[in-house]
Amino acid sequence: MNELEAVKERHSVRSYKDKKIESQTIQKLNEMIADCNEKGNLHIQLVEDAGKTFNKLLNKFMGLGSAPSVIACIGKDDETLDERIGYYGQKIVLYAQMLGLNTCWAGTFNPKNVNAEIKSGERLAIVIAVGYGVNNGRVRKSKSAEQVVRGGTNGKPEWFMKGVETALLAPTAVNQQKFEIVLNDDESVDIVDKGGILSKIDKGIVKYNFEIGAQRS
């Protein structure tokens, strides 16, 4: 499975089997996390025992309390953190899918119960539930390309539209999809954050997905 296939197969999963992730898979996931931390100047950590991260009533009702492990998305707290977390977190999420795991970005959790190291000046932005899902999740309703695209007065090349198609498969908070993808006259692309809950993290996720789809020959 490659990343594009992982994008198409990956859906948010909230209910997990009572099964720990194997040590070999943990090692591979940690290697990917280390690479993303280096490239993104982040401090993301895999917490093998999710413990009571999702102990709130809402999360128990939604099933996340069954997630065996959690990825704590941490980094130096500046104005770029959320977007970097989204970008590199999505890379990790798709790699987890390629390893046969399921995931769910989770903005509702108990930060005091996340057993991760948070250094001075760092912030825990969001967590990602990870494990073996009871099912593979389901396809969610999506906006059309016409609803999120701006620009392209000189035409929209195939690579751009493939990028848009892949970007629309990106998970966003409460499925809000509050972003625009702008094709400039010089064929550069801007992902525009239109605001909303966790929208800067969403922007990073969308950007990573777009880049996967928009591979120029």
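In this report, the structure presented in the accompanying data block is examined. (Residues numbered from 1 in each chain as written. Predicted model: local features only at pLDDT ≥ 70, side-chain atom pairs only at ≥ 80, totals over all residues. Heavy atoms only, no water.)

It is worth spelling out the nonpolar core at this point. Counting residues in hydrophobic clusters, the biggest one holds 48 residues, and the most contacted among them are Ile-85 and Val-164. Take this core: its biggest share by element is 8 residues, from helix α4 (residues 81-98). In this view, Val-164 contacts Ala-145, Val-148, Val-149, Ile-181 and Phe-210; residues no more than four positions away in its chain are not counted. Core analysis: the second largest hydrophobic core is formed by 18 residues, Val-47, Ala-67, Ile-74 and Val-127 among them. (Core = buried A, V, L, I, M, F, W, Y, C linked by side-chain atoms within 4.5 Å. Buried < 20%, exposed > 50% of the residue type's maximum accessible area, 1.4 Å probe, protein only. Helix = DSSP H or I, 4+ residues; strand = E, 2+ residues; numbered from the N terminus. Contact = heavy atoms within 4.5 Å.)

Before going further, it helps to examine helix α6 (residues 158-167). The α-helix winds at 3.6 residues per turn, so residues separated by three or four positions along the chain end up facing the same way. Taken together, the buried positions of α6 are Trp-159, Phe-160, Gly-163, Val-164, Thr-166 and Ala-167. Taken down its axis, α6 places every buried residue within 165 degrees of arc, on the same side. On its buried face, α6 sits against α1 (3-9), α5 (145-148), β5 (149-151), β6 (179-183), β7 (189-193) and α7 (199-213). (Arc of directions from axis to C-beta.)

Turning to the pairing of β6, a few remarks are in order. Along any regular strand the residues' side chains alternate between the sheet's two faces. Burial runs high along β6: 5 of the 5 residues are buried. Side-chain alternation along β6 places Phe-179, Ile-181 and Leu-183 on one buried face and Glu-180 and Val-182 on a second face that is also buried. Of the strand pairs in this sheet, β5 and β6 are connected by 3 bridges, and their pairing is parallel. In the sheet register, Val-149 faces β6, and the bridge partner there is Ile-181. Considered for its hand, the β-α-β crossover made up of β5, α6 and β6 is left-handed. Relative to β7, β6 runs antiparallel, the two being bridged by 5 bridges. By the bridge assignment, Ile-181 is partnered in β7 with Ile-191. (Pairing = 2+ DSSP bridges. Right-handed = clockwise from strand over helix to strand, strands pointing away.)

Where α4 contacts α7, the axes come no closer than 6 Å and their chain directions differ by 50 degrees. The pairing of α4 with α7 is recorded here as oblique in orientation. With respect to the hand of their crossing, α4 and α7 are arranged in right-handed fashion. Every residue of α7 that contacts α4 at Asp-82, Glu-83, Gly-86, Tyr-87, Gln-90, Lys-91 and Leu-94 is listed here: Lys-200, Ile-201, Lys-203, Gly-204, Ile-205, Lys-207, Tyr-208, Asn-209, Glu-211 and Ile-212. Broken down by class, the residue content of the contact of α4 with α7 amounts to 6 nonpolar, 4 polar and 7 charged. (Axes fitted to C-alpha atoms, helices over the stretch in contact; angles between N-to-C directions. Parallel < 35°, antiparallel > 145°, perpendicular 65-115°, else oblique. Left-handed = near helix turned anticlockwise from the far one by under 90°. Nonpolar A, V, L, I, M, F, W, Y, C, P; charged D, E, K, R; others polar.)

Positionally, Glu-83 belongs in helix α4. Considered as a pair, Glu-83 and Asn-175 are 92 residues apart in the sequence and their alpha carbons are 17 Å apart. Every residue in contact with Glu-83, bar those within four places of it in the chain, is listed here: Lys-200, Lys-203, Gly-204 and Lys-207.

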